[in-house]
Amino acid sequence: MRAIALVDCNNFYVSCERLFQPGLEGRPVVVLSNNDGCVVSRSQEAKDLGIKMGAPWFQLQDVARRHGIIALSSNYTLYADLSSRVMRLLSRFSPQQEIYSIDESFLELTGMADLTRCGQAMRGTIRQCVGIPVCVGIASSKTLAKLANHVAKKQPQYAGVCNFNEMPERDLDALLAEIEAGEVWGVGRRTAAGLQDMGITSVLDLKRAPAKRIRAGFSVVMERTVAELNGTACLELDELSPPRQQIICSRSFGMPVRALQDLEQAVIAYTTRAAEKLRRQHSLAGGIQVYVRTNPHKEKEPQYQQGITVPLPDPTDDTRLLCRAALDGLRQIYRSGYAYQKAGVMITGIIAAASRPRTLFDDVQAQQKSRSLMATLDHINRSMGSGTVQLLGEGVRKGWAMRRGNVSRRYTTEWDEVAVVLS
C-alpha cells in the first residue's frame with residue numbers, strides 16, 4: 001500500500017518563540033502579522049480562549065487584558081532558519097520529500113516497515129535536535145495524510161502520530177464520519193457550503209459521494225479529492241518546486257510616507273529582496289513593476305494609487321540594474337501631497353538563466369563581473385545575516401519600515417543576538 005506522511009509543526013511561529021523563551025509555555029500567546037496587524041499564529045491556550053486566526057489585534061485588546069494574552073511581532077528570520085533545520089532533519093527519513101510550506105512537509109514512506117514507529121522517530125528527532133513539536137499523519141494519499149495529521153493533533157490518544165494505513169476500514173470510516181467536510185484539504189468555506197446543500201456534511205459523506213456528481217457540481221479537482229479520500233493517490237510529491245513566474249515583494253509602511261526619498265528607500269529594499277529570490281531560483285527578469293497606494297480605509301484623506309511596468313533592455317538578476325529600473329518607474333508615478341501607505345515591486349518576464357538569449361553585442365566581461373558580484377553579495381548575506389551588505393540607497397534609518405513593537409531576537413542567525421546560557 002502507498003504510504004505518504006505529512007509532518008506539520010504545531011503552532012509553528014509560537015513554538016519558535018517558546019523555544020528561546022520558556023516562560024511562554026502554558027500561557028496564551030499569539031504572533032502578529034506585518035505591522036502587528038492580525039493574528040497569524042496561536043498557542044493552544046489562545047485557541048481555547050476563542051482567538052480566531054486572522055483576527056485584528058486592535059479588536060482583541062480587552063480580551064488580551066482579561067486573560068493575559070501575550071502578543072509578539074513576527075520574526076521571519078528566526079522562523080525561516082528553524083524551518084530549514086526541521087526540513088533538513090526530515091530529509092533523513094526519506095529520499096522523496098516535498099516541502100509544502102514553512103512548517104509542513106510530505107514524505108514518501110512506501111515500503112518502509114512500522115510506519116507508526118517511524119513517525120514517532122521523526123517527532124523525537126525534531127524535538128531533540130530543534131526543539132519544535134510536530135505531529136505526523138500517514139495515509140495512502142496526500143489528502144488523507146492531511147486528515148490523519150489533523151486527527152493526530154486533535155486526539156491525544158494517537159500520541160502525535162496517526163496512521164490511517166493500519167486502521168481497519170470500518171474504524172477509519174467511523175473516524176471520518178466525525179470530521180466536518182470543511183476540514184478536507186482544498187475544501188474552502190464556499191465549497192463546504194455547496195457540499196452542505198448537497199447533503200454532504202462529513203468527510204465520510206464526501207468520500208462516498210458519486211465522483212461524477214461532485215465533478216458536475218464543482219470541478220475535476222474536487223473529483224480527484226474524492227478519489228484521494230478513497231485511497232487513490234492523484235497528487236504526487238513535488239520534490240522540486242517549479243520556478244516562480246512572478247516574484248512580488250510589498251509591505252505596508254509602519255507610518256504614512258510622503259517624501260519621495262522614503263519611497264525610494266522602500267522600493268530599493270523590496271527590489272533587493274525580490275532580486276535575491278530571483279537568483280535563488282537561477283532566473284532572470286525581463287521587467288519590473290512598481291506600485292504605490294494611499295490608505296483606502298481613510299476616505300477623508302486624498303486617495304491615489306498607481307503602478308507602472310518598466311521593461312529591461314536585457315534580462316538580468318543584478319540588484320543594481322533592477323533597482324535602477326524600479327526607481328525610474330517610481331519617479332514617473334510619484335505624486336506629492338499624498339500620504340502613502342504601501343509600495344511594492346513585482347518582477348515579471350522571468351526566464352531561466354540558462355535560457356538567456358545571446359547576441360553578438362553581449363558584453364561577456366560585464367556579465368561575468370555582475371554574476372561574481374551578486375554571488376559574493378548573496379554569500380555574505382547568507383553567512384553573516386540578511387542585510388549585512390546592502391545598497392546605500394536602502395538607507396540606514398528606515399522610518400517607513402513596518403511596525404514590530406514586540407519582536408524577539410534573531411537567536412540563530414545573528415552573533416550579537418545569540419541566546420546565552422548562564423551556568
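What you are looking at is a predicted structure, and each value in this text was computed from that prediction instead of being measured.

A short note on the overall build of the protein
- Regarding its fold elements, the protein presents 14 helices and 13 strands.
- Expected size for 423 residues packed as a compact globule is a radius of gyration near 22 Å; at 24 Å, the protein falls within 12% of this value.
- Pairs at least 24 residues apart make up 68% of the contacts formed inside the protein by residues separated by at least 6 positions.
- Accessible area of the protein: about 22,600 Å², with a carbon and sulfur share of 51%.
- Separation of charge centres in the protein, based on 53 positive and 43 negative side chains, amounts to 4 Å.

Observations regarding helix 13 (residues 319-333)
- With 15 residues, helix 13 extends 21 Å from end C-alpha to end C-alpha; this agrees with the ideal 21 Å at 1.5 Å per step.
- Looking at the buried positions of helix 13, the neighbouring elements they touch are helix 12 (260-280), strand 10 (283-294), strand 11 (305-316), strand 12 (340-348) and helix 14 (364-384).

Quick notes on the state of the cysteines
- Taken as a whole and judged by the stated rule, the model has zero disulfides.
- Not part of a disulfide, cysteine 16 finds its nearest cysteine sulfur in cysteine 9, a span of 7.4 Å.
- Given the relative accessible area of 0%, cysteine 16 is considered buried.

Some details on the environment of glycine 395
- Secondary-structure assignment places glycine 395 in the segment after helix 14.
- Judged by its relative accessible area of 10%, glycine 395 falls in the buried class.
- Put simply, glycine 395 and alanine 3 are 392 residues apart on the chain and 51 Å apart in space, counted from C-alpha to C-alpha.
- Leave out the neighbours within four places in its chain, and glycine 395 touches Gln265 and Gln390.

Observations concerning the pairing of strand 12
- Taking burial as the measure, the nine residues of strand 12 include nine buried ones, the bulk of the element.
- Both strand 9 (residues 247-257) and strand 12 contribute to a ladder of seven bridges, which runs antiparallel. Residue pairing in the sheet places isoleucine 248 in a bridge with methionine 346 of strand 12.
- Here strand 10 pairs with strand 12 via eight bridges, running antiparallel. Note that in strand 12 the partner of arginine 293 across the bridge is lysine 342.

A closer look at the pattern of salt bridges
- The full count for this structure, using the stated rule, is 16 salt bridges.
- Taking the shortest distance from any N to any O, the salt bridge between arginine 2 and glutamate 236 comes out at 3.0 Å. Of this pair, arginine 2 sits in the segment before strand 1 (4-9) while glutamate 236 sits in the loop between helix 11 (220-229) and strand 9, and the two are 234 residues apart along the sequence.
- Residue classification places arginine 2 among the partly exposed positions, given a relative accessible area of 23%.
- Assessed through its relative accessible area of 45%, glutamate 236 is described here as partly exposed.
- Taking the shortest distance from any N to any O, the salt bridge between arginine 65 and aspartate 62 comes out at 2.5 Å. Pair noted here: arginine 65 and aspartate 62 are both in helix 3 (residues 61-67), with a separation of three residues, about one helical turn.
- In this structure arginine 65 comes out as exposed when scored by relative accessible area, which is 60%.

As for the sheet that holds strand 7 (residues 134-139)
- Spatial ordering of the open sheet is given by 5-6-1-7-8, a layout of five strands whose pairing is mixed. Of all the strands in the sheet, just strand 5 (97-101) and strand 8 (161-163) have a single pairing partner and so form its edges. Across the sheet, the axes of successive neighbouring strands diverge by a mean angle of 15°, strand direction being ignored.
- Sheet topology note: the strand 1/strand 7 ladder contains six bridges and is antiparallel. When the bridges of strand 7 are listed, leucine 6 appears paired with glycine 137.
- With respect to the sheet, helix 5 (residues 115-129) is in contact with strand 1, strand 6 (104-108), strand 7 and strand 8, its orientation differing from that of strand 7 by roughly 160°.
- Strands strand 1, strand 5, strand 6, strand 7 and strand 8 of the sheet are contacted by helix 6 (residues 142-154), whose axis makes an angle of about 140° with strand 7.

A look at helix 12
- Between its first and last C-alpha, helix 12 extends 30 Å over 21 residues, near the 30 Å set by a 1.5 Å rise per residue.
- Counting buried residues in helix 12 gives 15 out of 21 residues, a clear majority hidden from the surface.
- Two residues or fewer past helix 12, histidine 282 is found with a positive phi of approximately 55°.

Some details on the packing of aromatic side chains
- Per the counting criterion, the structure on display carries 12 aromatic pairs.
- Measuring from ring centre to ring centre gives 4.4 Å for phenylalanine 20 and tyrosine 411, while their planes differ by 10°; the resulting arrangement is stacked. A residue pair is termed long-range when its members are at least 10 positions apart, and phenylalanine 20 in helix 1 (residues 12-20) and tyrosine 411 in the segment after helix 14 qualify at 391 residues.
- The class of phenylalanine 20 is partly exposed, set by a relative accessible area of 24%.
- Here tyrosine 411 falls in the buried class, since its relative accessible area comes to 10%.
- Following the ring pairs from residue to residue traces out a cluster consisting of Phe12, Tyr13, Tyr76 and Tyr79.
- Geometry around phenylalanine 106 places lysine 142 over its ring, the cationic atom sitting 4.7 Å from the centre.

The rules behind each value
- Residues numbered from 1 in each chain as written.
- Predicted model: local features only at pLDDT ≥ 70, side-chain atom pairs only at ≥ 80, totals over all residues.
- Heavy atoms only, no water.
- Helix = DSSP H or I, 4+ residues; strand = E, 2+ residues; numbered from the N terminus.
- Rg over C-alpha atoms; globule rule 2.2 N^0.38 Å.
- Contact = heavy atoms within 4.5 Å.
- Areas by Shrake-Rupley, 256 points an atom, 1.4 Å probe, with all protein chains shown as cover.
- Lys, Arg positive; Asp, Glu negative; His and termini not counted.
- Charge placed at Lys NZ, Arg CZ, Asp CG, Glu CD.
- Expected span 1.5 Å × (residues − 1).
- Disulfide = S-S within 2.5 Å.
- Buried < 20%, exposed > 50% of the residue type's maximum accessible area, 1.4 Å probe, protein only.
- Pairing = 2+ DSSP bridges.
- Salt bridge = Lys/Arg side-chain N within 4 Å of Asp/Glu carboxyl O.
- Axes fitted to C-alpha atoms, helices over the stretch in contact; angles between N-to-C directions.
- Phe/Tyr/Trp six-rings, centres within 6.5 Å; stacked < 30°, edge-to-face > 60°.
- Lys NZ or Arg CZ within 6 Å of the ring centre and 35° of its normal.

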